[in-house]
Amino acid sequence: MLRCPAFSPKHVARLMIKSKKMEVRNQRGGSSPSSPPRWLYREQCYHSNSCYALPYSTMTVLPSKRALTFHVESRCKSPYPASIWHQRQSVRTYIFIENLFEKFFPPKRKSKMRQKEKIIVALKKQRSRFMDSLSVQSNERLNRHHLRMSAGEAREKLKQWSLAKKDIIKLYYLDRKTRLKHDTESIMTKFREKSRNARTRWRLKATGRWDRLLSNTRRRRDRIRGRFQSIAALYSRRAIIINEPFRKDWFTLEGYPLVSKDPYSGRFVNPWNSESTNGFKSIDEVWRWKKTRIIGFQEISSADTSSVNSLFPLERSKEEMKQDAQVPAIGKIKLTWIGHATNLVQFSDKFTVLTDPMFSNKASPFQWFQHTEFFGVPRWTPPSLRIDELCDIDVVVISHDHYDHLDLGSIKELNDQEKVKFWVVPVGIKDWLIHNIGIHEKSIIELEWWQRVKFVKASSSHDDNMILKIESVQSIVHDRDRIQIESSLESENDELNVTCAPAQHWCSRSPFDRNTRLWCSWAIQATPGRNGDNFTPLNFYFAGDTGYPEKFPLHRQIGDLLGPFDLAAIPIGAYKPRFFMRDSHCDPKEAVKIHKDIRSNCSVAIHWGTFPLANEPFEEPPTVLRKEMKNEDTFVAIPHGDSICSRDDKNDREREFISEFNLRISTDN
């Protein structure tokens, strides 16, 4: 129910007129006369929470003792606040407005309507009074209930506070007790930890000393056991499966390969790989290599020898190198690399050996067009020594008959100048030397694999000049026990033992003589006599041209029978492309394996940087070798003309131990 403010009578009358018009409009609109108009219901305003605008409302005026009351039902909200409607009006204003309404709007059925209105008003007043009394009673009950509840809550809160106070006191004393207990326990644990740490430190110190003692003893034991195992592994027998055709007479009972020939063609073969390493290549393989050779040769030919020399900073001039090459190293092996596979090897001041003499400008049967690859390969790095600059040579060894190792012009010049006393060659090359050059037959010694020739340098009683003579030719494999016994006996004169060892290669000087001559590597040992200078035996290995068998332990067998070596010359070049060169030439990685298999104390790289035989650049082989050796100096590459000597730091006790072990095995067998 909303209360109207104290407006002027004129304004209120205007509002009443508008409300009457609305009433008449509603009655004309079809509302039934029996039903009272909807603006008569007083409850419609009780449930409203906001004020509504009067010009758009239906309104009735009901009498009251103290104020004028409006009952409103509206469709739109009023812009005025609700507080302005709660002011009271006097009864006079009400009577004035009622008379004014009756004057302007005389109602139909006046008496009935008035009576109904009075009854409704009386009923509603009665109802409102009853509801007010009920609300007052309910409010009192609620107040008493609230008082009761608040008193109970206060009592409960007081009880809880007293209990909480007691609990706080208990918790305080309990916390203090537990804190004291924790402090005492922490002090005890700290003391225990300190004592435990002291005990552990003492225990660790004692155990560390004991472990160091045990590790040192184990290390010594493993070192001794490893030596025995490494030596025993060298002599252990292993089963090797050969997947290519072979015959039993191509190998000894111990598994060492012998000189072998194909029973159908009569040509020499490598007995461990009789088909894949015979030097025969199909036309497809040749074209596959020559195609890359023709296309990439401009890149190879554009390389300068200065790129090779840049790998080695020159500490000495070429003249100093030449002078140094003429002076032997007393008690050592001295090797001077002339170029490609040509080496001048001096065993102390007793013996001089030349390997694979090649001094020509082209590896070819003809020396035409020396700067092109027409009928051969041109030489890009000249030899560091000329033939007339060489000293007298006791022995020349030749590994095989390829043009870059057996050169007609070089051998003719050596023979004409009478520089060489003896020629040691594999089977088949002796006839070639006799017929093509005219060397005397007695100065040529022809050997098979595992055969040894002994040269003795004896002084005549009347002259101080040394005379070199051949004493015997022996087979190491068949006469192994006798040779070991003879080698243990001291000789009166200086001796040079030249042994023909196997290699994986092939031979050919024309399309029609493939593998009709043998190929090999060389093991050369110089031993002093009782009458000469006292120096230890010097052992040298020249690999010539060789591939590295993947499954057959060829070079390990050479190291077992003829090693260990003080100095070795191992090829590292002419290995690309691998599908074409793998069977006949080893790359630097395989050269390192050969160096380890033959048990060489020091090795020098040869067969690189002289002839462009393959597709790799000149500076690549020594670079790869350094990476493989990880900057170790036991296998090195030297510039052309430089010299290298064997080492003195080899363990003599190990050498004696190995020789005694070798002799013991031979006597047991």
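Now for a look at the structure at hand. (Residues numbered from 1 in each chain as written. Predicted model: local features only at pLDDT ≥ 70, side-chain atom pairs only at ≥ 80, totals over all residues. Heavy atoms only, no water.)

A word on the overall build of the protein
And step 1. Across its full length, the protein carries 15 helices and 22 strands.
And step 2. A total of 669 residues make up the protein; the buried ones form 42% of that total.
And step 3. Of the contacts made within the protein by residues no fewer than 6 positions apart, 69% connect residues no fewer than 24 positions apart.
And step 4. Working note: accessible area of the protein is about 39500 Å², and carbon and sulfur atoms make up 54% of it. (Helix = DSSP H or I, 4+ residues; strand = E, 2+ residues; numbered from the N terminus. Buried < 20%, exposed > 50% of the residue type's maximum accessible area, 1.4 Å probe, protein only. Contact = heavy atoms within 4.5 Å. Areas by Shrake-Rupley, 256 points an atom, 1.4 Å probe, with all protein chains shown as cover.)

Comments concerning empty space enclosed by the protein
And step 1. Per the stated rule, a full pass over the model turns up 5 cavities of 30 Å³ or more.
And step 2. As for the largest cavity, its lining consists of 14 residues, of which Ala 574, Gly 609, Phe 611, Glu 616 and Phe 618 are closest to the centre. (1 Å grid on protein atoms, 1.4 Å probe; cavity = no way out; pocket = protein on both sides within 12 Å on 5 of 7 lines; lining within 4 Å. Points joined across faces, edges and corners; volume = space filled by probe spheres on them.)

Some remarks on the sheet that holds strand E12 (residues 420–426)
And step 1. On the basis of which strands lie adjacent, the open sheet formed by 7 strands has the order E13-E12-E11-E8-E7-E6-E22 and mixed pairing. Sheet topology places strand E13 (444–447) and strand E22 (643–645) at the edges, where each strand pairs with a single neighbour. Taken pair by pair, the neighbouring strands of this sheet meet at an average axis angle of 20°, ignoring direction.
And step 2. Relative to strand E7 (residues 342–347), strand E6 (residues 333–339) is paired through 6 bridges, and the arrangement is antiparallel. Bridge pairing links Trp 337 to Asn 343 in E7. (Pairing = 2+ DSSP bridges. Axes fitted to C-alpha atoms, helices over the stretch in contact; angles between N-to-C directions.)

Details of unusual backbone geometry
And step 1. Residue Pro 564 follows Gly 563 across a cis peptide bond; omega there is -5°.
And step 2. Tracing the backbone shows Pro 564 in the loop between helix H11 (554–562) and strand E19 (567–571).
And step 3. With an omega dihedral of 0°, the bond running from Lys 576 to Pro 577 counts as a cis peptide bond.
And step 4. You can see Pro 577 is positioned in the loop between E19 and helix H12 (578–581).
And step 5. One non-glycine residue, His 340, lies in the positive phi region at around 55°.
And step 6. Counting through the fold element by element, His 340 comes out in the loop between E6 and E7.
And step 7. Even without being glycine, Glu 418 reaches a positive phi, approximately 55°.

Some thoughts on the layout of surface pockets
And step 1. There is about 1200 Å³ of room inside the second largest pocket.
And step 2. Together, 34 residues line the second largest pocket, and Trp 289, Lys 290, His 402, Trp 506 and Ser 508 are the ones closest to its centre.
And step 3. When residues of the lining of the second largest pocket are traced back to their parent elements, those giving at least two are helix H5 (283–301) and H12.
And step 4. No other element matches the 4 residues that H5 contributes to the lining of the second largest pocket.

Regarding the packing of helix H13 (residues 588–597) against helix H14 (residues 620–629)
And step 1. The geometry of H13 relative to H14 is characterised by a closest axis approach of 9 Å and an angle of 50° between their N-to-C directions. Taken together, the axes of H13 and H14 are oblique relative to one another. Like other packed secondary-structure pairs, H13 and H14 cross with a definite hand, here right-handed. Contact residues: H13 offers Pro 588, Lys 589 and Val 592, while H14 offers Pro 621, Val 624, Leu 625, Glu 628 and Met 629.
And step 2. Class assignment for the residues of the contact of H13 with H14 results in 6 nonpolar, no polar and 2 charged. (Parallel < 35°, antiparallel > 145°, perpendicular 65-115°, else oblique. Left-handed = near helix turned anticlockwise from the far one by under 90°. Nonpolar A, V, L, I, M, F, W, Y, C, P; charged D, E, K, R; others polar.)

Some words on the nonpolar core
And step 1. Counting 73 residues, the largest nonpolar core has Phe 347, Val 424, Leu 496 and Phe 540 as the members making the most contacts within it.
And step 2. Contacts of Phe 540, omitting those with residues within four sequence positions, involve Ile 333, Leu 335, Val 345, Phe 347, Trp 522, Ala 523, Ile 524, Phe 565, Leu 567, Ala 568 and Ala 569.
And step 3. Grouped together as the second largest cluster of nonpolar side chains are 23 residues, Leu 390, Ile 411, Trp 423 and Ile 444 included. (Core = buried A, V, L, I, M, F, W, Y, C linked by side-chain atoms within 4.5 Å.)

A few points about a nonpolar patch on the surface
And step 1. On the surface, Phe 366, Trp 368, Phe 369 and Phe 375 cluster together to form a nonpolar patch covering roughly 470 Å² of accessible area.
And step 2. Checked against the element boundaries, Phe 366 lands in the loop between strand E9 (362–363) and strand E10 (377–378).
And step 3. Note on Phe 366: relative accessible area 35%, which makes it partly exposed. (Patch = residues over 30% accessible without salt bridge, like charges linked within 9 Å, V, L, I, M, F, W, Y side chains within 5 Å. Salt bridge = Lys/Arg side-chain N within 4 Å of Asp/Glu carboxyl O.)

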